[in-house]
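Spelled out, the chains give:
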Amino acid sequence: MRYWTVQSNEVIQIIENDGVYYPDFRKSRYSASNKSMKVLYTFMLKSFNSVNKSSYKGLIFTFVKFNNNGVTSFNDIEDFTSFISSKSYIVKNMWDCFSKNSQILEIDMEHTLNPLFIDINDYQIIMPEITPGMAKLLGIPQEYVKAHANKFSNIKQKLMLSLQNGDFVMTSNYSCNLIQAHLPYIKKEDICNKYPLFHI
């Protein structure tokens, strides 16, 4: 399967020099500055390692998509650009956080690891709290979130249990078909192409 990810030139240089890059959440500046995200990252890593019987220290966040054929790869950079742009109302805040010194990597990796697929909107739901900003991204009125707190709590529990079991489920009401997948490393030999980061 081909995975698409945005990585800094610093990471790309490590791959060039060492032939492989292993992420380490303990060294992540983002999780270090955001305690709530650190909790989520820890949960994702523990789930990944438990399901895959591994002991990695971090994960690479990548993109694939969901269609009538199930979870599948983007066809090419044009397909990826078009799909991401069509979901700009969901990913723009995240996309704007990417450094200008970053590139898009197309990775072809065949392996037996479970990449813990999750719709990116469902990933928003399992974050520590559905903030007004997240509710807006999901297209859910904040008043609805408050009035149906138990419903979202139940959805969150279902999603987290599925991740712990290595299962892929989608909450049809909120899913957007942009799927987040997780890899434990990037090897130089697995990189098919590099592309400049585009604006959305």
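Each remark here, short or long, concerns the structure printed above.
For every chain, the first residue of the written sequence is number 1, and numbering continues from 1 along that sequence. The predicted origin of the model limits local features to residues at a pLDDT of at least 70 and limits the giving and counting of side-chain atom pairs to 80 or more, whereas totals for whole chains, interfaces and linings rest on all residues. The basis for every side-chain value is the complete set of heavy atoms in the structure, and neither hydrogens nor water enter the calculation.

**Q** Where do I start with the overall build of the protein in this structure?
**A** Scanning the protein from N- to C-terminus turns up 9 helices and 9 strands. Put simply, the protein has 200 residues, and 48% of those count as buried. By sequence separation, contacts in the protein at least 24 residues apart represent 80% of the contacts at least 6 residues apart. Accessibility throughout is a Shrake-Rupley quantity obtained with a 1.4 Å probe, and a residue counts as covered only by protein chains that appear here. On the protein, roughly 10,600 Å² of surface is accessible, and the fraction owed to carbon and sulfur atoms is 49%. Counting from the N terminus, the helices are the DSSP runs of H or I reaching at least four residues and the strands are the DSSP runs of E reaching at least two. Working definition: with a 1.4 Å probe on protein chains only, accessible area under 20% of the residue-type maximum means buried, over 50% means exposed, and in between means partly exposed. Contact between two residues is taken to exist if any of their heavy atoms lie within 4.5 Å; hydrogens are not considered.

**Q** Could you clarify how one ought to interpret the packing of aromatic side chains in this entry?
**A** Working definition: an aromatic ring pair is given by the centre-to-centre distance plus the angle between the planes. Pairing of aromatic rings covers Phe, Tyr and the six-membered ring of Trp, with a centre-to-centre limit of 6.5 Å; geometry is then stacked below 30 degrees between planes, edge-to-face above 60, and tilted otherwise. Here the structure, examined in full by the defined rule, presents 19 aromatic pairs. Taking 6.5 Å as the distance between ring centres and 90° as the angle between the ring planes, the aromatic pair formed by tryptophan 4 and phenylalanine 74 counts as edge-to-face. In this pair, tryptophan 4 sits in strand S1 (residues 2-8) while phenylalanine 74 sits in the loop between strand S4 (70-72) and helix H4 (77-86), placing the two residues 70 residues apart along the sequence. Overall, the relative accessible area of 2% leaves phenylalanine 74 in the buried class. Here phenylalanine 61 and tyrosine 123 contribute two aromatic rings whose centre-to-centre distance is 6.4 Å and whose plane-to-plane angle is 65°, an arrangement assigned as edge-to-face. With a gap of 62 residues between them, phenylalanine 61 in strand S3 (residues 60-67) and tyrosine 123 in helix H6 (residues 120-125) connect regions that are remote in the sequence. Relative accessible area serves as the criterion here: at 22%, phenylalanine 61 is assigned to the partly exposed category.

**Q** Looking at this structure, I do not really get the pairing of S1. What am I missing?
**A** Consecutive side chains along a regular strand alternate between the two faces of the sheet. Along S1, 5 of the 7 residues are buried, which leaves the element largely enclosed by surrounding structure. Bridge analysis of S1 against strand S5 (residues 102-108) gives 7 bridges, and the strand direction is antiparallel. From the neighbouring strand, tryptophan 4 faces S5, where its bridge partner is glutamate 106. A pair of strands is considered paired only if DSSP assigns at least 2 bridges between the two.

**Q** Would you mind showing me how to read the nonpolar core here?
**A** As a rule of thumb, soluble globular proteins bury nonpolar side chains together. Counting residues in each nonpolar core, the largest one holds 20 residues, and the members touching the most others are Met37, Leu40, Met44, Leu59, Tyr123, Ile126 and Leu163. Those elements that place two or more of their residues in this core are helix H3 (35-52), H6 and helix H9 (149-165). Per element, the largest residue contribution to this core is 7 residues, and it comes from H3. Discounting residues that sit within four places of it in the chain, isoleucine 126 has contacts with Leu40, Met44, Ile118, Lys156, Leu159, Met160 and Leu163. Throughout this description, the term nonpolar core refers to a set of buried Ala, Val, Leu, Ile, Met, Phe, Trp, Tyr and Cys residues connected via side-chain atoms within 4.5 Å. Of all hydrophobic cores here, the second largest spans 18 residues; its members include Val11, Ile12, Val20 and Phe117.

**Q** Mind showing me how you'd approach unusual backbone geometry here?
**A** Residues apart from glycine generally show negative phi values, whereas peptide bonds are mostly found in trans. The backbone of leucine 116 sits at a positive phi, close to 50°, despite the residue not being glycine. Structurally, leucine 116 is set in the loop between S5 and strand S6 (118-119). Even without being glycine, asparagine 177 reaches a positive phi, approximately 75°. For asparagine 177, a relative accessible area of 30% gives the class partly exposed.

**Q** Honestly, H4 in this entry has me stumped. Any pointers?
**A** Residues lying three or four places apart along an α-helix face the same way, a consequence of the helix completing one turn every 3.6 residues. For H4, the full list of buried residues reads Ile77, Asp79, Phe80, Phe83 and Ile84. Buried residues of H4, seen end-on, are gathered within an arc of 160° and therefore sit on one face of the element. Summarising the contacts, the buried residues of H4 are in contact with S1, S3, helix H5 (88-97), S5, strand S7 (178-183) and strand S9 (191-196). The arc refers to the directions leading from the helix axis to the C-beta atoms.

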